[in-house]
Amino acid sequence: MLSKDQTDMYLTASAVKINNVSKSFVQWQRDNTRRGLLRNLIKPEKRTIKALDDVSFEIRRGEFVAYAGPNGAGKSTTMKLLSGMLLPSDGQIEVMGKSPQKQRRELMKTLGVLFGNRTELWWDHPVIQSFEWKKVVWDIPDEVYRQNLELVTDLLDIGGLLKTFARELSLGQRMRADLGMMLLHSPELILLDEPTLGLDVIAKRQMIDFLKRINRENGVTIVVTSHDMDDLEEMAQRILMISDGKIAYDGLFAGLRDITGNLTRVAVAMENDTVPELRNASLLSSENQVHEYEIDLSCIPVKDLMSQLSSYDGIKDVEIRKAPIEQVIARLYTSWM
Amino acid sequence: MAVKAKILRILRLLAISAKMDLVWLLRDTKYAIAGITADIIGNLAVVSSVFLVAVRFGGIGGMSSDEVLFMMVYSTMVTGIFTMFGSGNNIHISRIIGRGQLEHLFIQPLSVRMQLATCGFSPFTGGSNFLVGLILLVIAVRRLELVVTPFWILSLIAYILTTMTVIVARAYLVSSTAFYAPVAAEEIATTAIDDTWFLSTFPLSGMPAYIQLPLITFLPEGLMAWFPSLCLLGRPPLGFSAYYPMLFALVIALVASYVFKKGMNYYVVKGSNRYVPYGFRR
């Protein structure tokens, strides 16, 4: 991995450069009517989906960027384009100064890719065996392998997992092992697609702390996708928000909050049938004595919110979390009108 | 120098696959031995069934029982090499394509060709048939009183490589349909390889030409053992040249390479709308 001095040098260089990239997919449409079946036979109906529509952005080396968007927004498509798994319909892509399509093999020596719903570990072998396999396939020098193995074992706390078969790991353990394996060849850029998917709070915390640390101390550029705003804000400084294949926002999280406010969801569980009335909050739903409110925490401090709630008897539980990404984007669009 | 480095790289990749195969065998010895024994028994059963028929009837279609044995030995050795190099889904490639798992290959700093050629190497769990084939080869050669010269051994190796090329090329050719119909064609390589395998162990001598010809062209089961073994015995069938299998292998390999590349291009343009999280590694 990179030293801090090398990191400083990198700050001006580009890690990812995407210029006017579009990606379309064709979907077959079918209906089950008799007429539809016949029509499909003669002239199948197709629909073109534009996953990315003239997208441009640049990520500098050493940055930690959140790539956010609702499901189906084009996040995974972007990740696949950056890692050479897909070809763009239009536009140019440059990753670490290389074309993912034309220089895939060279690029993969400096790139680490991890999809949350996939594993690169060998299922029927202990974790350490997968690591040794990676050493050979990536042609990692002995000394680099030894150092990185020590590093990931220590930071990800996977020492106890190395001799365990991959198929016997829990999801959180598997993700840590996968992350460790991905880092063995000292990637300079890491692409993570939904890495926190399905992880419990502790596993998520471990992963986030680790990613922040390797970004800060080793200068590894990280691009992470998620549809969970809480996770992303915890990890990255900059957020690229994508919606319907277009970049809806590119900047710091603080800037996003200035535009959209600090949209928050508060769920209040009651022991009785009382529905608390909260100032500057709109009630979204009430079900089984659980009432969900939408609140902009930039208008009402948490202290005031708690003070309002404390005046009610029978409060069983209060949960505060960030608003879903779809709502942040909706607020973003509203602000432009 | 570059060639030497590439060869060393391939050897290292084969070595790690072999090591993983060995540790798997040593870890699950009970099951591995059961599997290897079943493989050997199954293969010996195939060899002996056809051989016993040949013995009972004093040969099949102009082939003596010992020539039939030699043909079966050839088939066993080919099966052995197939299981030694194709234990993953690297030859049953339609599974990887159909399950949307090619992306696992794209993120490795190796050509897809090199990955596929080396990742299924399992000499310890997959080599039993080849060893049985070698032992039976000695027996068949003695019974036939063949004069084994270095040229004959080289010819044997060349024919086995040719047969392997036909098997792999045909598997990749039909598997290319999985690029366009991933769900329907996920198991098409199994159909192309395994379901026609037994047909390849029957001597076609004595069959009418309208059966023999399709079986060495459109459905090349005759090239799996029958045609090459007769060539090695010094009498190529149907008046064909002894080099016909090589020519056929070259043509089918070129066609398969072209069609597979077209499929790969389609894959990276269209993407896969299917991902199955199991079975991309053995």
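Keep in mind it's a predicted model, so treat the numbers as computed, not measured.

Cut-off values and rules
Residues numbered from 1 in each chain as written. Chains lettered and ligands numbered in written order. Predicted model: local features only at pLDDT ≥ 70, side-chain atom pairs only at ≥ 80, totals over all residues. Heavy atoms only, no water. Helix = DSSP H or I, 4+ residues; strand = E, 2+ residues; numbered from the N terminus. Contact = heavy atoms within 4.5 Å. Pairing = 2+ DSSP bridges. Axes fitted to C-alpha atoms, helices over the stretch in contact; angles between N-to-C directions. Buried area = accessible area lost by both parts, 1.4 Å probe. Salt bridge = Lys/Arg side-chain N within 4 Å of Asp/Glu carboxyl O. Polar contact = N/O pair within 3.5 Å; in protein donor to acceptor, adjacent residues only side chain to side chain. Buried < 20%, exposed > 50% of the residue type's maximum accessible area, 1.4 Å probe, protein only. Phe/Tyr/Trp six-rings, centres within 6.5 Å; stacked < 30°, edge-to-face > 60°. Lys NZ or Arg CZ within 6 Å of the ring centre and 35° of its normal. Patch = residues over 30% accessible without salt bridge, like charges linked within 9 Å, V, L, I, M, F, W, Y side chains within 5 Å. Areas by Shrake-Rupley, 256 points an atom, 1.4 Å probe, with all protein chains shown as cover. Lys, Arg positive; Asp, Glu negative; His and termini not counted. Charge placed at Lys NZ, Arg CZ, Asp CG, Glu CD. Parallel < 35°, antiparallel > 145°, perpendicular 65-115°, else oblique. Left-handed = near helix turned anticlockwise from the far one by under 90°.

Q: Tell me about the side chain of B:Ser229, residues and numbers included.
A: Note on placement: B:Ser229 falls in helix H13 (residues 226-232). Discounting residues that sit within four places of it in the chain, B:Ser229 has contacts with B:Phe70, B:Met71 and B:Tyr74.

Q: Tell me about the sheet that holds strand S13 (residues 315-322) of chain A, and please be specific about residues and values.
A: Consider a sheet: its strands pair through backbone hydrogen bonds, and that pairing is either parallel or antiparallel. All names here are of chain A. Taken in spatial order, the four strands line up as S11-S12-S10-S13 in an open sheet, and their pairing is antiparallel. Sheet topology places strand S11 (281-287) and S13 at the edges, where each strand pairs with a single neighbour. Sheet twist, expressed as the mean angle between neighbouring strand axes with direction ignored, is 20 degrees. Here six bridges tie S11 to strand S12 (residues 290-296), and the two strands are oriented antiparallel to one another. When the bridges of S12 are listed, Leu283 appears paired with Tyr293. Each of strand S10 (263-270), S12 and S13 touches helix H11 (residues 302-310); the most contacted strand, S13, lies at about 155 degrees to it.

Q: With reference to specific residues and values, describe the interface of chain B and chain A.
A: Many analyses report the size of an interface as the accessible area lost when the parts associate. Contact with chain B, which involves 29 residues of that partner, is made by 30 residues of chain A. Taking both sides of the interface into account, the surface hidden between chain B and chain A amounts to around 3,000 Å²; carbon and sulfur atoms contribute 59%. Along the contact surface separating chain B from chain A lie four salt bridges. Notably, a salt bridge pairs B:Arg12 with A:Asp139, separated by 3.9 Å at the nearest N-O pair. The tally of links between chain B and chain A comes to eleven residue pairs in polar contact (both at pLDDT 80 or more). Sorting the residues of the side of chain B that touches chain A by element identifies helix H1 (2-27), helix H5 (102-106), helix H6 (112-118) and helix H14 (244-270) of chain B as the ones contributing at least two each. Residue contributions to the side of chain B that touches chain A peak at nine residues, all from H1(B).

Q: Lay out unusual backbone geometry in plain terms, naming residues and giving numbers.
A: All names here are of chain A. Unusually for a residue other than glycine, Asp157 sits at a positive phi of about 55 degrees. With respect to the secondary-structure elements, Asp157 resides in the loop between helix H6 (142-155) and helix H7 (171-183). Positive phi outside glycine occurs at Asp244, with the angle close to 50 degrees. Here Asp244 lies in the loop between strand S8 (238-243) and strand S9 (246-252). You can call Asp244 exposed: its relative accessible area is 63%.

Q: If you had to explain the packing of aromatic side chains to someone new, which residues and values would you point to?
A: Aromatic ring pairs are defined here through the distance separating the ring centres and the angle between the ring planes. On inspection of all chains with the given rule, the structure shows 15 aromatic pairs over all chains. Ring geometry for B:Tyr172 and B:Phe260: centres 5.0 Å apart, planes at 50 degrees, overall tilted. Of this pair, B:Tyr172 sits in helix H9 (residues 150-175) while B:Phe260 sits in helix H14, placing them 88 residues apart in sequence. Seen in terms of ring centroids, B:Phe227 and B:Tyr244 are 5.6 Å apart; in terms of plane orientation they differ by 50 degrees. Their pairing is tilted. Note that B:Phe227 is positioned in helix H13 and B:Tyr244 in helix H14, a separation of 17 residues in sequence. Accessibility assignment for this pair places B:Phe227 and B:Tyr244 in one class, buried. Put simply, the rings of B:Phe106, B:Tyr172, B:Phe179, B:Phe260 and B:Tyr267 touch in pairs and so form one group of aromatic residues. Residue placement shows A:Lys46 over the ring face of A:Trp28; its charged tip is 4.9 Å from the ring centre. In this structure, A:Arg118 is placed above the aromatic ring of B:Tyr275, and the distance from its NZ or CZ to the ring centre is 4.0 Å.

Q: Break down a positive patch on the surface for me, with residues and values.
A: Together, A:Arg105, A:Lys109, B:Lys6, B:Arg113 and B:Lys261 give the surface a local cluster of positive charge. The topology assignment puts A:Lys109 in the loop between helix H4 (104-108) and strand S5 (111-115).

Q: Residue-level account of the side chain of B:Gln212, with values.
A: Residue and element names in this part refer to chain B. With respect to the helices, strands and loops of the structure, Gln212 is situated in helix H12 (residues 209-212). Residue class for Gln212 comes out buried when judged on its relative accessible area of 7%. In terms of polar contacts, Gln212 uses its side chain to reach the backbone carbonyl oxygen of Leu204, at 2.8 Å. Separated by 3.4 Å, the side chain of Gln212 and the backbone oxygen of Met207 make a polar contact. Beyond its immediate chain neighbours, meaning those up to four positions away, Gln212 contacts Leu204, Ser205, Gly206, Met207, Trp226 and Leu238.

Q: How would you summarise the sheet that holds strand S6 (residues 189-193) of chain A if you had to cite specific residues and measurements?
A: All names here are of chain A. Here six strands make up an open sheet; going across it, the order is S5-S6-S7-S3-S8-S9 and the pairing mixed. In this open sheet, the two edge strands, each paired with only one partner strand, are S5 and S9. Taking each pair of neighbouring strands and ignoring which way they run, the sheet shows an average axis angle of 15 degrees. Taken together, the four bridges between strand S3 (residues 64-68) and S8 define a ladder with parallel strand orientation.

Q: Give a detailed account of the packing of helix H5 (residues 127-137) of chain A against H7(A), specifying residues and quantitative values.
A: Residue and element names in this part refer to chain A. Contact pair H5 / H7: the axes reach a minimum separation of 10 Å and the direction vectors enclose 20 degrees. Judged on the interaxial angle alone, H7 and H5 are roughly parallel. Note on packing geometry: the crossing formed by H5 with H7 is right-handed. Residue-level contacts link Val127, Ser130, Phe131, Trp133 and Lys134 of H5 to Ala177, Gly180, Met181 and Met182 of H7.

No statement about biological role is implied by the geometric values presented.
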